[in-house]
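Read off the chains here:
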Amino acid sequence: MTTDIARPITPADLTERSRRALAEAEELIARIERGGGSDRAGVLEPYDQAWLLAATVSVEAGLMKEVHPDTAVRFAAEDVSREVTRFSTRMQHSRALYDALGGVAPAGDGERRLVQVVRDEMRRAGVELDEAGRTRVLALRQELTDLGLTFQRNHRDDVRAVDLRPEQLAGMPDDYVRDHPGGAGGTVRITTDYPDYIPFMAYADDEPARHDLHRAFQNRAVPANLEVLTTMIRRKHELADLLGYRSWAEYQTEDTIAGSAGGVRSFLREVAGIARDRVRRESERLLAKKRERSPGADRVGDWELSYLQERVKAEEIGFDARDARPYLEYRAVRQAILDLNGELFGLEFSRSRETPWHPSVETFEVAVDGEPSGRISLDMHPRAGKYKHAANFGYRPGAAGRQQTHSVLVCNFPDPHTVQGPALMDHREVVTYFHEFGHLVHALMRGRLRWARLARPVEFDFIEAPSQFLEQWIFDHAVLRRFAKHVGTGEPIPERMVAKLREARDFGRGVQTQRAVFMSMVSLELHDHDPKELDVMQVWHEMAAEWSPVEMDPEGRFPASWTHMPGYAAAYFTYTLSRAVAEDLSTAFTSGLMDLTQARRYRDLVLGQGGTKPALRLVEEFLRRPHDLAAYKRWLA
Ligand SMILES: [Zn+2]
């Protein structure tokens with residue numbers, strides 16, 4: 001399937017080519033269902049091609065929904081998403097396809113893995129149920145989709161605010177104060193949107209004002225979403241029950257590295273044990289900082305965590321995030337990321353003249369070891385109607401000989417074309433850039449496999465490991481000094497400053513890890529019991545009493561705006577588990593991060609293998625030993 005992406009698409013183009021691809025996929029599946037085939041050519045190849053066609057439609061619509069400047073294209077993309085969901089469910093629920101796959105005698109490990117992965121997915125989707133059961137699954141799935149959309153919409157639409165006196169902005173940076181002039185009555189309105197909220201929680205000296213804003217933030221979408229969430233959890237439990245599982249958590253964790261709800265629980269307990277000393281040391285420093293203003297205080301509140309952390313970083317470590325900015329100009333960073341990934345992983349990037357959906361998007365052709373292997377696009381600057389966070393999106397999933405990968409980074413970094421003076425980045429943003437680029441390289445490498453369906457690792461809790469792993473490069477002086485040069489003087493970033501970046505990054509790691517353990521326990525507990533009598537806030541407070549490193553606001557109802565709930569559900573632990581794997585991966589780089597031999601082994605043995613083997617087997621083949629927590633323990637020591 002080829003698509004001319006040089007031409008800007010219209011809503012009709014998107015709808016027509018998506019329908020054409022889905023019709024072609026339907027034809028392939030119908031042929032298998034009619035068919036009597038029991039081999040690669042009769043079953044596996046048409047199945048994988050149908051899957052690739054549907055996945056291509058799905059990821060393109062998913063991307064266009066978030067980035068296309070034309071609202072009509074974004075709406076068309078939403079409709080396409082619904083059509084492709086219907087097709088995927090129809091494919092997963094096809095008993096004839098399931099049986100045809102079961103009848104294939106696999107020639108070799110690749111085919112065996114393909115059959116196993118697809119049949120597992122279909123079984124988990126309910127293909128073995130009777131007609132009435134499958135109908136019920138479909139109805140529950142559709143209801144859950146709608147509940148999820150309602151939950152996210154309620155959250156998106158509920159922006160709250162506090163009105164403050166101008167002097168309550170004490171401690172805020174000058175540009176923030178300038179951007180927030182007093183309104184009628186002389187009060188200043190601070191909202192719960194990130195650009196208002198995050199700096200205020202980090203820098204505002206006025207504790208009651210911070211506490212008020214925090215409470216407003218924690219109560220977004222209350223009460224509506226507490227009810228939506230409760231219904232969502234009940235429907236998930238019902239669905240799990242229908243599919244033969246004790247709980248949704250049990251169902252969801254079955255094909256993860258953690259392996260089961262019990263596996264998640266014991267992993268989180270182990271993490272809490274590993275982090276204990278560090279959490280105690282950091283908590284003491286935070287509390288000492290708090291006592292400078294509130295003598296006799298005995299506990300740090302959730303609404304103070306960010307502020308106290310910043311105070312320790314500024315006053316004890318001597319770290320000011322603004323100091324590093326002149327060394328991190330957007331274009332230099334962009335070039336450095338391409339060069340560094342090129343060197344590490346044998347990639348060559350050459351500029352493509354395509355402008356797929358917006359003139360600011362840069363596209364590069366990518367060769368791996370000199371062989372043309374796909375494209376990447378960088379959609380890096382904010383504009384109206386565009387996705388607000390940073391993420392890697394697929395555009396074309398790859399499969400050897402059939403379709404080259406096209407993968408996209410969507411971020412919101414300063415734009416060198418629109419800012420006055422050089423477009424300087426925060427080091428934190430550069431870390432995000434590296435992180436997301438890790439997903440991109442993973443997508444490129446696994447898009448060269450024979451079977452499209454096996455490109456993605458099966459284990460959901462492995463997905464963040466390759467990108468968290470790549471974050472480490474950007475804290476290494478040997479790496480940074482190659483490109484981080486002062487915009488005024490051209491001097492490379494001093495080693496001392498990089499050491500401070502690392503020290504500032506490391507402070508708070510224990511408390512943040514423990515906070516993630518608390519949140520992961522809530523996410524697990526909410527989905528691991530019969531929810532007949534469920535009281536979401538009771539679970540939240542019980543888990544907080546046992547696991548939270550800080551005091552939670554008794555009047556805060558954060559689960560109502562916890563956007564991980566519809567999708568991640570019981571699997572919030574993913575971040576923690578992936579981090580433990582990422583730390584282990586880095587142990588192979590014994591002679592520094594620029595060890596190209598190890599980088600190529602990592603590329604070929606982990607990234608390039610996608611989901612062709614269980615994730616921990618890939619890690620084991622790369623490390624030449626089984627995965628363990630030793631490196632993670634050092635990281636949290
Ligand atoms: Zn990520």
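Throughout what follows, the structure given in this document is the object of discussion.

**Looking at the overall build of the chain**
Right, on to step 1. Scanning the chain for helices and strands turns up 26 helices and seven strands.
Right, on to step 2. By its C-alpha atoms, the chain is 80 × 60 × 55 Å across when sized along the principal axes.
Right, on to step 3. Of all 637 residues assigned to the chain, the portion counted as buried reaches 42%.
Right, on to step 4. Sequence separation of at least 24 residues holds for 73% of the intrachain contacts in the chain that already meet a minimum separation of 6.

**Remarks on the pairing of strand 7 (residues 405-410)**
Right, on to step 1. Judged by how many residues are buried, strand 7 sits mostly within the fold: six of six residues are covered.
Right, on to step 2. Burial along strand 7 is two-sided: T405, S407 and L409 and H406, V408 and V410, pointing in opposite directions, are all buried.
Right, on to step 3. Bridge count for strand 5 (residues 371-379) against strand 7 is six bridges, and the pairing is parallel. Bridge pairing links G374 to T405 in strand 7.
Right, on to step 4. Pairing analysis gives five bridges linking strand 6 (residues 391-396) to strand 7, with the strands arranged antiparallel. Looking across to strand 7, one finds that R396 is bridged to H406.

**Observations regarding the environment of V73**
Right, on to step 1. By the element assignment, V73 lies in helix 3 (residues 71-92).
Right, on to step 2. Between the C-alpha atom of V73 and that of T10, which follows or precedes it by 63 residues, the distance is 6.3 Å.
Right, on to step 3. Leave out the neighbours within four places in its chain, and V73 touches I9, P11, L14, M64 and H68.

**Here we look at the sheet that holds strand 5**
Right, on to step 1. Spatially, 3-4-5-7-6 is the arrangement adopted by the five strands of the open sheet, whose pairing is mixed. At either end of the open sheet lies a strand with only one pairing partner, and these are strand 3 (347-352) and strand 6. Here the average twist between neighbouring strands, direction ignored, is 30 degrees.
Right, on to step 2. Contacting strand 5, strand 6 and strand 7, helix 2 (residues 40-67) runs over the sheet at an angle of about 130 degrees to strand 6.

**A look at the packing of helix 20 (residues 509-526) against helix 21 (residues 536-547)**
Right, on to step 1. At a minimum axis separation of 9 Å, helix 20 and helix 21 run at an interaxial angle of 140 degrees. Here the hand of the crossing between helix 20 and helix 21 comes out right-handed. Listed contacts from helix 21 to V517, F518, M521, V522, E525 and L526 of helix 20 are V536, V539, W540, M543, A544 and W547.
Right, on to step 2. In the contact of helix 20 with helix 21, the residues fall into eleven nonpolar, no polar and one charged.

**A short note on the nonpolar core**
Right, on to step 1. Counting residues in each nonpolar core, the largest one holds 151 residues, and the members touching the most others are A25, A54 and F573.
Right, on to step 2. With 14 residues, helix 2 is the largest single contributor of residues to this core.
Right, on to step 3. Those residues in contact with F573, other than ones at most four positions away along the chain, are A258, V264, F267, L268, D461, S520 and L524.
Right, on to step 4. With nine residues, the next largest nonpolar core counts L164, L169, M172 and F217 among its residues.

**Some words on the packing of helix 1 (residues 11-34) against helix 2**
Right, on to step 1. One can describe the packing of helix 1 onto helix 2 by two numbers: an axis separation of 9 Å at closest approach and a directional angle of 160 degrees. As far as their axial angle goes, helix 2 and helix 1 are roughly antiparallel. Every pair of crossing elements has a handedness; the one defined by helix 1 and helix 2 is left-handed. Contacts from L14, S18, A21, L22, E24, A25, L28, I29, R31 and I32 in helix 1 reach V43, P46, Y47, Q49, A50, L53, A54, T56, V57, A61 and M64 in helix 2.
Right, on to step 2. Grouping the constituent residues of the contact of helix 1 with helix 2 by class yields 16 nonpolar, three polar and two charged.

**Some remarks on helix 19 (residues 495-506)**
Right, on to step 1. Spanning twelve residues, helix 19 covers 17 Å between terminal C-alpha atoms, matching the ideal 16 Å at 1.5 Å per step.
Right, on to step 2. Within helix 19, the full set of buried residues consists of V498, L501 and A504. Relative to the axis of helix 19, the buried residues are bounded by an arc of 125 degrees and lie together on one face. With respect to the buried face of helix 19, the exposed residues turned more than 90 degrees away are E495 and R496.
Right, on to step 3. Within two residues after helix 19, G508 carries a phi angle of roughly 100 degrees, on the positive side.

**Examining the pairing of strand 1 (residues 161-164)**
Right, on to step 1. A one-sided burial pattern is seen for strand 1, the buried positions being V162 and L164 and the unburied ones A161 and D163.
Right, on to step 2. Sheet topology note: the strand 1/strand 2 (residues 188-191) ladder contains four bridges and is antiparallel. Bridge assignment links D163 to a residue of strand 2, and that residue is R189.

**Digging into helix 16 (residues 427-446)**
Right, on to step 1. Helix length check: helix 16, at 20 residues, gives a terminal C-alpha distance of 29 Å against a target of 28 Å (1.5 Å per residue), a fit within 8%.
Right, on to step 2. Most of helix 16 is tucked away, with 16 of its 20 residues classed as buried.

**Brief notes about unusual backbone geometry**
Right, on to step 1. At the junction of V222 and P223, the peptide bond is cis and its omega measures out at 5 degrees in the coordinates.
Right, on to step 2. Along the chain, P223 turns up in the loop between helix 9 (207-218) and helix 10 (224-242).
Right, on to step 3. Positive phi values are uncommon outside glycine, yet A569 reaches one of about 50 degrees.
Right, on to step 4. When you line up the elements, A569 lands in the loop between helix 22 (564-567) and helix 23 (574-585).
Right, on to step 5. Overall, A569 belongs to the buried group, with 21 C-beta atoms counted inside 10 Å.

**A closer look at the environment of R156**
Right, on to step 1. Tracing the sequence through the fold places R156 in helix 6 (residues 131-157).
Right, on to step 2. By the C-beta count within 10 Å, which is 13 here, R156 ends up partly exposed.
Right, on to step 3. Expressed as a C-alpha distance, the spacing of R156 and R95, which sit 61 residues apart in the sequence, is 40 Å.

Reading the values: the criteria
Residues numbered from 1 in each chain as written. Predicted model: local features only at pLDDT ≥ 70, side-chain atom pairs only at ≥ 80, totals over all residues. Helix = DSSP H or I, 4+ residues; strand = E, 2+ residues; numbered from the N terminus. Buried ≥ 20, exposed ≤ 12 C-beta atoms within 10 Å, placed from the backbone. Contact = placed C-beta atoms within 7 Å. Pairing = 2+ DSSP bridges. Axes fitted to C-alpha atoms, helices over the stretch in contact; angles between N-to-C directions. Left-handed = near helix turned anticlockwise from the far one by under 90°. Nonpolar A, V, L, I, M, F, W, Y, C, P; charged D, E, K, R; others polar. Core = buried A, V, L, I, M, F, W, Y, C linked by C-beta atoms within 7 Å. Parallel < 35°, antiparallel > 145°, perpendicular 65-115°, else oblique. Expected span 1.5 Å × (residues − 1). Arc of directions from axis to C-beta.

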